[in-house]
Amino acid sequence: MDNIILIGMPGSGKSTVGVVLAKAMGLRFLDVDLLVQEREGALLQQLIDSRGVERFLDLERDAICALDCQGTVIAPGGSCVCREESIAHMRRLGTVVYLKLSLEDVTARIHNMASRGIALSPGQTLADVFQYRAPLYERCAHITVPCGSQSLAETIEAVKEAYNNKRT
(Lines give C-alpha, C1' and ligand atoms only; values in the text may rest on other atoms or scores of the structure.)
Protein backbone atom coordinates (compact mmCIF):
# COMPACT_ATOMS: atom_id res chain seq x y z
CA MET A 1 0.00 0.00 0.00
CA ASP A 2 1.33 3.40 -0.87
CA ASN A 3 1.11 6.50 1.28
CA ILE A 4 -1.85 8.83 1.60
CA ILE A 5 -0.87 12.49 1.73
CA LEU A 6 -3.52 14.90 3.05
CA ILE A 7 -3.21 18.48 1.82
CA GLY A 8 -5.35 21.56 2.35
CA MET A 9 -5.63 24.89 4.06
CA PRO A 10 -4.89 25.29 7.76
CA GLY A 11 -8.00 24.14 9.59
CA SER A 12 -8.99 21.63 6.91
CA GLY A 13 -8.35 18.73 9.28
CA LYS A 14 -5.17 17.22 7.86
CA SER A 15 -3.76 16.19 11.25
CA THR A 16 -7.09 15.25 12.84
CA VAL A 17 -8.31 13.28 9.84
CA GLY A 18 -4.84 11.83 9.36
CA VAL A 19 -4.56 10.30 12.83
CA VAL A 20 -8.01 8.69 12.71
CA LEU A 21 -7.61 7.60 9.07
CA ALA A 22 -4.29 5.94 9.87
CA LYS A 23 -5.87 4.04 12.77
CA ALA A 24 -8.85 3.00 10.64
CA MET A 25 -6.63 1.73 7.82
CA GLY A 26 -3.86 0.20 9.92
CA LEU A 27 -1.26 2.68 8.69
CA ARG A 28 1.34 4.86 10.38
CA PHE A 29 0.79 8.61 10.75
CA LEU A 30 3.34 11.37 10.16
CA ASP A 31 2.76 15.07 10.79
CA VAL A 32 5.32 17.14 8.87
CA ASP A 33 4.71 20.22 11.03
CA LEU A 34 5.87 18.23 14.07
CA LEU A 35 8.83 16.91 12.09
CA VAL A 36 9.91 20.47 11.17
CA GLN A 37 9.54 21.59 14.79
CA GLU A 38 11.62 18.64 15.98
CA ARG A 39 14.33 19.18 13.35
CA GLU A 40 14.59 22.90 14.04
CA GLY A 41 14.01 22.89 17.79
CA ALA A 42 11.34 25.59 17.64
CA LEU A 43 7.60 25.97 17.18
CA LEU A 44 6.31 26.76 13.68
CA GLN A 45 5.31 30.30 14.61
CA GLN A 46 8.73 30.93 16.14
CA LEU A 47 10.39 29.73 12.93
CA ILE A 48 8.22 31.98 10.79
CA ASP A 49 8.79 34.97 13.08
CA SER A 50 12.55 34.51 13.41
CA ARG A 51 13.50 33.26 9.95
CA GLY A 52 10.75 34.62 7.72
CA VAL A 53 8.16 32.94 5.52
CA GLU A 54 10.47 32.09 2.62
CA ARG A 55 13.02 30.34 4.84
CA PHE A 56 10.20 28.53 6.64
CA LEU A 57 8.86 27.28 3.29
CA ASP A 58 12.35 26.01 2.47
CA LEU A 59 12.52 24.15 5.81
CA GLU A 60 9.14 22.59 5.11
CA ARG A 61 10.24 21.61 1.59
CA ASP A 62 13.41 20.02 2.95
CA ALA A 63 11.42 17.97 5.47
CA ILE A 64 8.93 16.82 2.80
CA CYS A 65 11.62 15.95 0.27
CA ALA A 66 13.47 13.88 2.90
CA LEU A 67 10.43 11.63 3.47
CA ASP A 68 10.92 8.02 2.42
CA CYS A 69 8.18 5.81 3.80
CA GLN A 70 5.45 3.36 2.89
CA GLY A 71 2.06 2.62 4.42
CA THR A 72 1.82 6.03 6.05
CA VAL A 73 -0.79 8.76 6.22
CA ILE A 74 1.16 11.99 5.90
CA ALA A 75 -0.12 15.41 6.96
CA PRO A 76 2.21 18.07 5.55
CA GLY A 77 1.76 21.69 6.51
CA GLY A 78 -0.82 23.77 4.68
CA SER A 79 1.97 25.58 2.82
CA CYS A 80 3.37 22.34 1.36
CA VAL A 81 2.20 23.33 -2.12
CA CYS A 82 4.26 26.55 -2.10
CA ARG A 83 7.37 24.76 -3.35
CA GLU A 84 7.39 22.78 -6.62
CA GLU A 85 9.86 20.26 -5.21
CA SER A 86 7.43 19.48 -2.39
CA ILE A 87 4.56 18.96 -4.81
CA ALA A 88 6.61 16.62 -7.01
CA HIS A 89 7.87 14.58 -4.05
CA MET A 90 4.42 14.25 -2.46
CA ARG A 91 2.97 13.00 -5.75
CA ARG A 92 5.78 10.42 -6.00
CA LEU A 93 5.24 9.31 -2.39
CA GLY A 94 1.63 8.27 -2.88
CA THR A 95 -1.92 9.42 -3.34
CA VAL A 96 -2.41 13.11 -2.60
CA VAL A 97 -5.84 13.92 -1.16
CA TYR A 98 -7.01 17.54 -1.01
CA LEU A 99 -9.30 18.18 1.95
CA LYS A 100 -11.23 21.03 0.36
CA LEU A 101 -12.87 23.75 2.43
CA SER A 102 -14.39 27.07 1.47
CA LEU A 103 -12.73 30.25 2.70
CA GLU A 104 -15.70 30.75 5.03
CA ASP A 105 -15.15 27.33 6.61
CA VAL A 106 -11.40 27.92 6.96
CA THR A 107 -12.02 31.28 8.62
CA ALA A 108 -14.58 29.78 11.01
CA ARG A 109 -12.19 26.99 12.05
CA ILE A 110 -9.07 29.07 12.73
CA HIS A 111 -9.12 30.99 15.98
CA ASN A 112 -5.43 31.31 16.76
CA MET A 113 -3.96 33.09 13.73
CA ALA A 114 -1.14 34.75 15.67
CA SER A 115 0.24 31.51 17.11
CA ARG A 116 -0.85 28.74 14.73
CA GLY A 117 2.21 28.78 12.49
CA ILE A 118 0.52 29.80 9.25
CA ALA A 119 2.97 30.97 6.61
CA LEU A 120 1.63 34.50 6.12
CA SER A 121 3.86 37.21 4.69
CA PRO A 122 3.54 40.67 6.26
CA GLY A 123 0.28 42.26 5.11
CA GLN A 124 -1.17 38.98 3.82
CA THR A 125 -4.61 37.89 4.96
CA LEU A 126 -6.01 34.41 5.22
CA ALA A 127 -8.12 35.24 2.15
CA ASP A 128 -4.94 36.11 0.20
CA VAL A 129 -3.34 32.81 1.19
CA PHE A 130 -6.50 30.90 0.28
CA GLN A 131 -6.69 32.56 -3.15
CA TYR A 132 -3.04 31.73 -3.85
CA ARG A 133 -3.04 28.15 -2.57
CA ALA A 134 -6.44 26.80 -3.71
CA PRO A 135 -5.35 26.32 -7.35
CA LEU A 136 -2.09 24.73 -6.16
CA TYR A 137 -3.97 22.22 -4.02
CA GLU A 138 -6.20 21.38 -7.00
CA ARG A 139 -3.18 20.87 -9.26
CA CYS A 140 -1.27 18.76 -6.73
CA ALA A 141 -4.12 16.45 -5.70
CA HIS A 142 -4.93 13.08 -7.18
CA ILE A 143 -8.24 13.18 -5.27
CA THR A 144 -10.33 16.05 -3.91
CA VAL A 145 -12.65 15.47 -0.95
CA PRO A 146 -15.01 18.31 0.02
CA CYS A 147 -15.13 18.37 3.81
CA GLY A 148 -16.82 21.57 4.94
CA SER A 149 -20.10 20.44 6.46
CA GLN A 150 -19.25 16.79 7.11
CA SER A 151 -18.45 15.20 10.43
CA LEU A 152 -14.98 13.78 11.06
CA ALA A 153 -16.32 10.25 10.55
CA GLU A 154 -17.97 11.25 7.25
CA THR A 155 -14.75 12.88 6.02
CA ILE A 156 -12.73 9.78 6.87
CA GLU A 157 -15.21 7.54 5.08
CA ALA A 158 -15.16 9.87 2.04
CA VAL A 159 -11.34 9.77 1.93
CA LYS A 160 -11.27 5.97 2.29
CA GLU A 161 -13.89 5.53 -0.43
CA ALA A 162 -12.17 7.93 -2.85
CA TYR A 163 -8.79 6.30 -2.17
CA ASN A 164 -10.14 2.78 -2.70
CA ASN A 165 -11.96 3.84 -5.89
CA LYS A 166 -8.76 5.36 -7.26
CA ARG A 167 -6.85 2.15 -6.62
CA THR A 168 -9.35 -0.08 -8.50
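Residues numbered from 1 in each chain as written. Predicted model: local features only at pLDDT ≥ 70, side-chain atom pairs only at ≥ 80, totals over all residues. Heavy atoms only, no water.

### Notes on the confidence of the model for the chain
Selection rule: As a per-residue measure, pLDDT reflects the predictor's confidence and takes values from 0 up to 100. The helix and strand labels rest on DSSP assignments: H or I over at least four residues marks a helix, E over at least two residues marks a strand, and numbering proceeds from the N terminus.
On average, the chain scores 91 in pLDDT, and the residues at 70 or more come to 95%. Here helix H6 (residues 103-109) stands out as the element of the chain with the lowest mean pLDDT, 87, in contrast to strand E3 (residues 72-75), whose mean of 98 is the highest.

### Concerning a nonpolar patch on the surface
Definition in use: A patch is a set of surface residues, each over 30% in relative accessible area and not in a salt bridge, joined within 9 Å for like charges and within 5 Å for the nonpolar side chains Val, Leu, Ile, Met, Phe, Trp and Tyr. Exposure was quantified through the Shrake-Rupley algorithm and a 1.4 Å probe, taking into account, for residues, occlusion by the shown protein chains and nothing else. By salt bridge we mean one thing: a side-chain nitrogen of Lys or Arg within 4 Å of a carboxyl oxygen of Asp or Glu. When a residue's accessible area, from a 1.4 Å probe over protein chains only, is under 20% of the maximum for its type it is buried; when over 50% it is exposed; and in between it is partly exposed.
On the surface, a cluster of nonpolar side chains totalling about 190 Å² of accessible area is made up of Val19, Val20 and Leu152. On the secondary structure map, Val20 appears in helix H1 (residues 14-25). Classification of Val20 as partly exposed rests on a relative accessible area of 33%.

### Quick look at the pairing of strand E4 (residues 94-100)
Walk down a regular strand and you will see the side chains alternate between the two sheet faces. Defined as follows: Paired strands, as defined in this entry, are two strands with at least two bridges between them according to DSSP.
Counting buried positions over the seven residues of E4 gives six, a clear majority of the element. Of the strand pairs in this sheet, strand E1 (residues 3-7) and E4 are connected by five bridges, and their pairing is parallel. Its bridge partner lying in E4, Ile7 is registered against Tyr98. Pairing geometry for E4 and strand E5 (residues 143-146), over four bridges, is parallel. Looking at E5, one finds that Lys100 is bridged to Pro146.

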